[in-house]
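Read off the chains here:
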Amino acid sequence: MDIAQLLQMGARLFSQSGANAGNLAQDDIVSALAGLLGGNADGSGIDLGAILESLNGAGLMDLAQSWLGDGENAPISTDQLGQVFGQDKLSGFANQLGLDQADAENGLTQAIPAILDSASSGGNLLELAGGAEGILGMVSKLFGKS
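It should be emphasised that the depicted structure is a prediction, and the values quoted were computed from it without experimental measurement.

1. As for the side chain of E105
Turning to step 1, where the next piece is worked out: Within the fold, E105 resides in helix α7 (residues 101-120).
Turning to step 2, where the next piece is worked out: Of the side chains with opposite charge, K89 lies nearest to the buried E105, which makes no salt bridge, at 13 Å.
Turning to step 3, where the next piece is worked out: At 2.8 Å, the side chain of E105 and the side chain of Q101 are in polar contact.
Turning to step 4, where the next piece is worked out: Not counting the four nearest positions on each side in its chain, E105 is found in contact with T78, L81, Q87 and L90.

In C-alpha cells, the structure reads:
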C-alpha cells in the first residue's frame, strides 16, 4: 500500500468513526491527515518514522509495537494523541475540517493506528518512510533487536 492509499484508508476509517465526519469530503480528510502527519496535501513528505519517534518520546512504545506487529492493535486514547501530536496540531486538524476537537480526536483514534498498522505490514514502513535507516533503528529498538 502506498502513502496515498494509506491516507485514503485512514480517511474512510475517520469518516466512519462517528466523529461527525460522515458529511466531509474524503479529499478534505486526506488533506488534513497528510498535514497532521507532517506532509503535503498529496501525501508527499510524510515521515512515518517521525510518528514512531513521537510515540517513543511519549512513552507509548507498547502502542507502536502493537501497530507494527501482526497481532491486534492496541487502542490510543485522545490524551495519548495529544502527547504524540500536540494540542496545536490536533486543533489545527479539527479546524481544517470544521469539527470540534473532541470529534476530530475520536476519529483519529481509529485512523492513526490503522495507518501505521497497514504501513508496517510486509515491511512497507521502510519503503514509505523518509529515512529507512532511522526507521530500521526505531523498529529494532521497539522489538529489542540490535
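2. Section: helix α5 (residues 78-85)
Turning to step 1, where the next piece is worked out: Restricting attention to buried positions, one finds in α5 the residues L81, G82, V84 and F85. Angular distribution of buried residues about the axis of α5 spans 165 degrees; they occupy a single face of the element.
Turning to step 2, where the next piece is worked out: Of the surrounding elements, those touching the buried residues of α5 are α2 (26-36), α3 (48-57), α6 (87-97) and α7.

3. Let's talk about the nonpolar core
The nonpolar side chains of a soluble globular protein tend to be buried with one another.
Turning to step 1, where the next piece is worked out: L55, F85, F93 and L108 are the most contacted members of the largest nonpolar core, which totals 40 residues.
Turning to step 2, where the next piece is worked out: Elements supplying a minimum of two residues to this core: α1 (3-15), α2, α3, α4 (61-68), α5, α6 and α7.
Turning to step 3, where the next piece is worked out: For this core, the element with the highest residue contribution is α7, accounting for eight residues.
Turning to step 4, where the next piece is worked out: Contacts of L55, omitting those with residues within four sequence positions, involve L60, M61, A64, W67, V84 and L116.

4. Topic: the confidence of the model for the chain
Turning to step 1, where the next piece is worked out: Within the chain, residue pLDDT values average 82, and 79% of them lie at 70 or more.
Turning to step 2, where the next piece is worked out: For the chain, per-element mean pLDDT is lowest for helix α8 (residues 124-128), which scores 47, and highest for α6, which scores 96.
Turning to step 3, where the next piece is worked out: In the model, residues 126-136 has pLDDT below 50 throughout and makes 20 contacts with residues more than four positions away in sequence or in other chains.

5. Here we look at the environment of Q5
Turning to step 1, where the next piece is worked out: Locating Q5 in the fold gives a position in helix α1.
Turning to step 2, where the next piece is worked out: Overall, the relative accessible area of 44% leaves Q5 in the partly exposed class.
Turning to step 3, where the next piece is worked out: Linking Q5 and V30, residues 25 residues apart in sequence, is a C-alpha distance of 9.8 Å.

6. With respect to the packing of α3 against α4
Turning to step 1, where the next piece is worked out: Where α3 contacts α4, the axes come no closer than 7 Å and their chain directions differ by 140 degrees. With respect to α4, the axis of α3 lies oblique. In this structure, α3 uses L52, L55 and N56 to contact α4, whose residues at the interface are M61, A64, W67 and L68.
Turning to step 2, where the next piece is worked out: Its residues placed into classes, the contact of α3 with α4 shows six nonpolar, one polar and no charged.

7. A closer look at the packing of aromatic side chains
Turning to step 1, where the next piece is worked out: Overall, the coordinates contain one aromatic pair when judged by the stated rule.
Turning to step 2, where the next piece is worked out: Arranged with centres 5.5 Å apart and planes meeting at 85 degrees, the rings of F14 and F93 form a pair that is edge-to-face. A residue pair is termed long-range when its members are at least 10 positions apart, and F14 in helix α1 and F93 in helix α6 qualify at 79 residues. There is no split in this pair, since F14 and F93 are both buried.

The rules we used
- Residues numbered from 1 in each chain as written.
- Predicted model: local features only at pLDDT ≥ 70, side-chain atom pairs only at ≥ 80, totals over all residues.
- Heavy atoms only, no water.
- Helix = DSSP H or I, 4+ residues; strand = E, 2+ residues; numbered from the N terminus.
- Buried < 20%, exposed > 50% of the residue type's maximum accessible area, 1.4 Å probe, protein only.
- Lys, Arg positive; Asp, Glu negative; His and termini not counted.
- Salt bridge = Lys/Arg side-chain N within 4 Å of Asp/Glu carboxyl O.
- Polar contact = N/O pair within 3.5 Å; in protein donor to acceptor, adjacent residues only side chain to side chain.
- Contact = heavy atoms within 4.5 Å.
- Arc of directions from axis to C-beta.
- Core = buried A, V, L, I, M, F, W, Y, C linked by side-chain atoms within 4.5 Å.
- pLDDT = per-residue confidence, 0-100.
- Axes fitted to C-alpha atoms, helices over the stretch in contact; angles between N-to-C directions.
- Parallel < 35°, antiparallel > 145°, perpendicular 65-115°, else oblique.
- Nonpolar A, V, L, I, M, F, W, Y, C, P; charged D, E, K, R; others polar.
- Phe/Tyr/Trp six-rings, centres within 6.5 Å; stacked < 30°, edge-to-face > 60°.

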